[in-house]
Amino acid sequence: MRPLLQRLLPALCSAAARGLLARRAVPMALRPAEGAARAGGDARSAAGAAPEHDGLENIQEKKILKENKEKTQQSEEPCAADSVDSLMAEMPFVDIDIEDECAMHATSELSVKKKRKRTTGREMEEGIERKKKKNKQYQPNYFISLPITNPKITGSIQALQDAIIQKDQRLSKAMVRSGSLHVTMLVMHLSSEEEISIAVGALSDSKVFLDDLLKGKRLDLSFQGIDHFRNQVGFVNLAENDHTTLLKEIAETMTKIFQEKGIMAGEERAFNPHLTFMKLSKSTELRKQVKKIDSSLYEDFKNHYFGDEILHRFDLCSMLKKKQPNGYYYCESSIVFGKSHEADLVKEALRRETQALLSRLNQIKELLTSPEIRTKISKELFEDRHNSNCKWKSCINSESPNA
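The following refers to the structure shown. Computed from a predicted model, the values in this text were never measured in an experiment.

1. Details of helix α6 (residues 151-167)
The terminal C-alpha atoms of α6 lie 25 Å apart, and with 17 residues this matches the ideal 24 Å at 1.5 Å per residue to within 8%. Among all positions of α6, only I153, T154, S156, I157, L160, Q161, I164 and I165 are buried. For α6, the elements touching its buried residues are β3 (220-229), β4 (233-238), β5 (274-279) and β6 (305-310). Where α6 starts, the residue carrying a side-chain oxygen 3.1 Å from the main-chain nitrogen of K152 turns out to be N150.

2. As for the pattern of salt bridges
Between side chains of opposite charge, a pair can form as their charged atoms come close. With the rule as written, the count across this model stands at 8 salt bridges. Measuring nitrogen to oxygen at the nearest pair gives 3.6 Å for the salt bridge that ties K173 to E285. Of the two residues, K173 sits in the loop between α6 and β2 (182-188) while E285 sits in helix α9 (residues 284-289), which places them 112 residues apart along the sequence. Here K173 falls in the partly exposed class, since its relative accessible area comes to 40%. Between K261 and D205 there is a salt bridge, with its nearest N and O atoms 2.9 Å apart.

3. Focus on a nonpolar patch on the surface
Together, L358, L361, I364 and L368 give the surface a local cluster of nonpolar side chains, amounting to about 350 Å² of exposed area. Checked against the element boundaries, L368 lands in helix α10 (residues 341-369).

4. So, the sheet that holds β5
With respect to topology, 4 strands assemble into an open sheet ordered β5-β4-β3-β6, the strand pairing being antiparallel. The open sheet has two edge strands, β5 and β6, and neither has a second partner. Each adjacent strand pair in this sheet contributes to an overall mean axis angle of 35°, direction not counted. Here β4 pairs with β5 via 5 bridges, running antiparallel. Within β5, the position partnered with G234 by the bridge is M278. Packing of α6 onto the sheet brings it into contact with β3, β4, β5 and β6, and relative to β6 it is tilted by some 145°.

5. What about the pairing of strand β7 (residues 313-318)?
Burial of β7 is extensive: 5 of the 6 residues sit out of reach of the surface. Relative to β7, strand β1 (residues 142-147) runs antiparallel, the two sharing 4 bridges. Note on β7: the bridge partner recorded for Y142 is S318. Two strands pair when backbone bridges link them, and β7 and strand β8 (residues 330-336) are joined in this way by 6 bridges, in the antiparallel orientation. Bridge assignment links R313 to a residue of β8, and that residue is V336.

6. Things to note about the pairing of β4
For β4, the buried fraction is high: 5 of the 6 residues fall into the buried class. Both β3 and β4 contribute to a ladder of 5 bridges, which runs antiparallel. Pairing of H228 across the sheet is with G234, part of β4. Between β3 and β4, which follow one another and run antiparallel, lie 3 residues, and R230 among them has a positive phi close to 50°.

7. Remarks on the nonpolar core
Membership of the largest hydrophobic core comes to 56 residues, with the highest contact counts inside it found for I144, M188, F223, I250, F258 and F314. At 7 residues, the largest contribution of residues to this core is made by helix α8 (residues 242-260). Each residue touching F258, except ones within four places of it in the same chain, is listed here: I144, L186, M188, A199, A202, L203, I263 and A265. One finds F143, V187, C317 and Y329 within the second-largest nonpolar core, a separate group that totals 5 residues.

8. Notes on the packing of aromatic side chains
Scanning the entire structure with this criterion turns up 4 aromatic pairs. Arranged with centres 5.1 Å apart and planes meeting at 85°, the rings of F143 and Y329 form a pair that is edge-to-face. Within this pair, whereas F143 is found in strand β1, its partner Y329 is found in the loop between β7 and β8, the two being separated by 186 residues in sequence. The pair F143 / Y329 is uniform in exposure class, with both members buried. Each residue in the set F143, Y328 and Y329 is aromatic and connected to the rest through ring pairs, giving one cluster. Over the face of the ring belonging to Y329 we find K323, whose NZ or CZ atom lies 4.5 Å from the ring centre.

The rules behind these values
Residues numbered from 1 in each chain as written. Predicted model: local features only at pLDDT ≥ 70, side-chain atom pairs only at ≥ 80, totals over all residues. Heavy atoms only, no water. Helix = DSSP H or I, 4+ residues; strand = E, 2+ residues; numbered from the N terminus. Expected span 1.5 Å × (residues − 1). Buried < 20%, exposed > 50% of the residue type's maximum accessible area, 1.4 Å probe, protein only. Contact = heavy atoms within 4.5 Å. Polar contact = N/O pair within 3.5 Å; in protein donor to acceptor, adjacent residues only side chain to side chain. Salt bridge = Lys/Arg side-chain N within 4 Å of Asp/Glu carboxyl O. Patch = residues over 30% accessible without salt bridge, like charges linked within 9 Å, V, L, I, M, F, W, Y side chains within 5 Å. Areas by Shrake-Rupley, 256 points an atom, 1.4 Å probe, with all protein chains shown as cover. Pairing = 2+ DSSP bridges. Axes fitted to C-alpha atoms, helices over the stretch in contact; angles between N-to-C directions. Core = buried A, V, L, I, M, F, W, Y, C linked by side-chain atoms within 4.5 Å. Phe/Tyr/Trp six-rings, centres within 6.5 Å; stacked < 30°, edge-to-face > 60°. Lys NZ or Arg CZ within 6 Å of the ring centre and 35° of its normal.

Structure, rendered in structure tokens:
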């Protein structure tokens with residue numbers, strides 16, 4: 001037994017050494033096959049395999065040793081792809097699960113998203129506040145006005161307003177004063193005195209262009225019929241004719257002139273000239289009580305003719321500054337049309353005063369023709385004469401020396 005062990009021991013040691021060398025030199029891809037072969041050999045030895053199998057193993061070990069020598073010689077050459085793979089497989093991070101890394105990254109992103117969600121609501125609120133503030137900064141505060149001065153129009157609108165108030169007293173807060181009646185040509189935002197000065201210059205410059213459009217003609221604007229905006233605003237329509245078309249051209253020309261001066265004037269929607277006489281926005285308290293204006297309140301005036309207005313001036317007015325005593329807006333500047341406009345105004349005023357006096361005289365004549373009035377007047381005259389005589393006699397008696 002001992003001689004047998006002495007004879008097998010060197011062989012076993014050399015086989016173990018060669019196996020270790022082969023294990024280090026064989027690529028990773030070959031190791032599963034080697035393990036399978038070894039498992040098969042162990043199984044065969046356990047099952048009582050024949051001694052000749054050991055010879056086969058020696059032959060295989062010699063082949064492996066030869067291959068190892070060849071590979072050792074090739075080790076000085078650049079590493080093959082399999083060698084690189086084996087080296088990579090032995091690196092410390094090879095067993096780290098990439099999915100876990102992705103999960104960790106996804107978790108961090110999820111937490112960031114949650115944090116972002118929490119802040120998104122606040123950012124949206126801040127954005128809305130900033131937008132409101134910006135919109136407030138650029139809300140219109142000035143406008144170009146075409147004032148309504150014809151007493152026939154203002155009187156008819158007053159009658160319309162009175163008729164509406166009789167049906168709904170609450171709407172008295174929504175009525176536009178007769179002194180404030182106007183047609184808005186365009187609106188703008190002026191944030192400084194410098195911009196107001198620029199707007200005044202733009203209005204003055206537009207005079208030349210508007211005179212070219214008018215060509216000395218008189219622009220008569222006819223107001224007839226009533227309409228509304230979303231049952232929130234009541235207004236009188238301008239009758240569609242050549243004069244209304246010309247007024248729209250004037251509005252477009254003025255808008256371009258103001259924009260060329262750097263003033264953001266005009267509106268996105270098309271110019272729709274109208275004469276506002278009632279709007280719910282005049283009173284916040286009223287808007288809580290009345291959501292819509294009932295069109296039946298002004299049904300009797302639906303197609304009423306209110307009168308004509310002759311274009312004689314445009315005003316640059318402030319929406320926020322204190323109004324004038326007559327109710328008209330604070331006016332920064334104006335342009336007047338017509339060479340003899342002031343003379344025409346004086347003539348018109350005199351004509352109206354004359355008509356009023358004639359009307360009064362006709363009333364007096366009618367009263368004098370009535371018998372009852374004549375008897376009453378005669379009686380009053382007789383009493384006045386009698387009283388005056390009495391006073392005269394008393395004065396004489398008081399001055400007499402015998403008194």
